[in-house]
Amino acid sequence: MSRYGRWQRRAEQIEHDGLRRTLRALVPVGATRARWPEGPAGIVYDVFSSNDYLGLAEHPEVKAAMASGGSGAARLISGNRRGHEALEEALSALFGRPATLFGSGYLANLAVYSALFDADDLVASDALNHASIIDGLRLSKARRAILPHGSSEVPSDTTAIAVEGLYSMDGDFPPLPALPNVPLLVVDEAHAVGCIGPQGRGYAATLGITPDIIVGTLGKAFGAAGAFVVGPPAVREILVSASRPFIYTTAMPEGVAAAARVGLELATDARREQLRAATQRLRSGLAQLGIPALGSAHIVPILTGASTMAAAHALLGRGFLVGAVRYPTVARGQERLRITLSAEHDADQVDRLLGALAEVLLPGRNSVPEQRAGRGISG
Ligand SMILES: Cc1ncc(COP(=O)(O)O)c(C=O)c1O
């Protein structure tokens, strides 16, 4: 048997199960379009699958700020720069409590749950919480109670509730007002910060609720990379001095921190309003077509089940990049198209997407309004 036979068999099994994933190298063209050099020649795709919700990732000022070398070491060794601290100061000012940077949202969640909770805790965690929350809880010594998605009923000895501010695969919000008053509330606002709430502070802020701990990312609405945790001063002390995902990893390049700071400044109410308008246009167009979508936010999932990959492929053939979400990211039978909107999507792009969706999802129907008929592959 070959040395790597078991991995070969596992890889073949993944392919056999229809779960093989492949990478596509895209070249951005402005905020919401991209070329795919290995794909059909000359096509510029309309991208509806990015988490660059405010259209900042390709903003010239964000890109210009990226200029820096690597940091060479963890922040506690010799990798800390003024740019990291300036970003933490800006986030602390925005949220009114100390913010601590992490290399990614994934690492931030590993740190929050592994370092801040212990065997005395029972953390009630929504069943649809992101993989990084699940993995953080696995690393922690805390006991867990998994709540059905959207439930506010927790065991009586719960010490903390963990929810997302906007669910990344369902586009819906947690039942924050209905949650019982347990000692601690942790809200991962990865998909909401920048987009929702006063000054873009996230979903909880729209309700005037201040979670004990907020996790936010800098790689989605803010157009850069990395993440942050906001909490009371003692939380910052623990994260810096005793959380492994902070201590044992090389600091993000200073340029990334600088870019995130520019992204924070560019995340204005005007951009949030553009995102809201694009969301409204797509959601009302879908309702008019009779295509049901989940949730109510700028993440627009459409349950397509077993035909999800074929639907995404058909959209690709019409010049649209739309996310296809399948098992194990969602449960079997819950496969879906995941359309994400950007403040930079214009009305024409949204209307053309609606036309393409009608062609792909309602093939027997001839009643697609003329102005909504997809014009095929764009370019
Ligand atoms: C809810 C949630 N938390 C955390 C993350 C991880 O963030 P990052 O991409 O910065 O690692 C994601 C990312 O997709 C997410 O959806």
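Given the structure is predicted, the values throughout are model-derived calculations rather than measurements.

A. Focus on the domain arrangement of the protein chain. For the protein chain, the assigned domains are domain 1 (19-56 + 268-372) and domain 2 (60-266). Taking the mean C-alpha position of each, domain 1 and domain 2 sit 27 Å from one another. Taken together, the 21 residues of domain 1 in the interface contact 23 residues of domain 2. Across the interface of domain 1 and domain 2, roughly 1600 Å² is buried in total on both sides, 59% from carbon and sulfur atoms. Considering only the surface of domain 1 that becomes buried against domain 2, Leu56, Arg272 and Ile299 emerge as the three largest contributors, covering 33% of it. Linking domain 1 with domain 2 are one salt bridge. At the junction of domain 1 with domain 2, the criterion picks out nine residue pairs in polar contact (both at pLDDT 80 or more). Mapped onto the side of domain 1 that touches domain 2, the elements with two or more residues apiece are helix H11 (269-289), strand S11 (299-303) and strand S13 (336-340). With three residues, the top contributor of residues to the side of domain 1 that touches domain 2 is H11.

B. Region of interest: helix H13 (residues 347-361). A rise of 1.5 Å per residue sets the reference length of H13, with its 15 residues, at 21 Å; its end C-alpha atoms lie 21 Å apart and thus fit the reference within 8%. Buried residues dominate H13, accounting for eleven of its 15 residues. Here H13 has its buried residues at Gln349, Val350, Asp351, Arg352, Leu353, Leu354, Gly355, Ala356, Leu357, Ala358 and Val360. The backbone nitrogen of aspartate 348 lies 3.2 Å from a side-chain oxygen of the residue at the head of H13, namely aspartate 346.

Conventions adopted
Residues numbered from 1 in each chain as written. Predicted model: local features only at pLDDT ≥ 70, side-chain atom pairs only at ≥ 80, totals over all residues. Heavy atoms only, no water. Domains from an automatic or database assignment. Contact = heavy atoms within 4.5 Å. Buried area = accessible area lost by both parts, 1.4 Å probe. Salt bridge = Lys/Arg side-chain N within 4 Å of Asp/Glu carboxyl O. Polar contact = N/O pair within 3.5 Å; in protein donor to acceptor, adjacent residues only side chain to side chain. Helix = DSSP H or I, 4+ residues; strand = E, 2+ residues; numbered from the N terminus. Expected span 1.5 Å × (residues − 1). Buried < 20%, exposed > 50% of the residue type's maximum accessible area, 1.4 Å probe, protein only.

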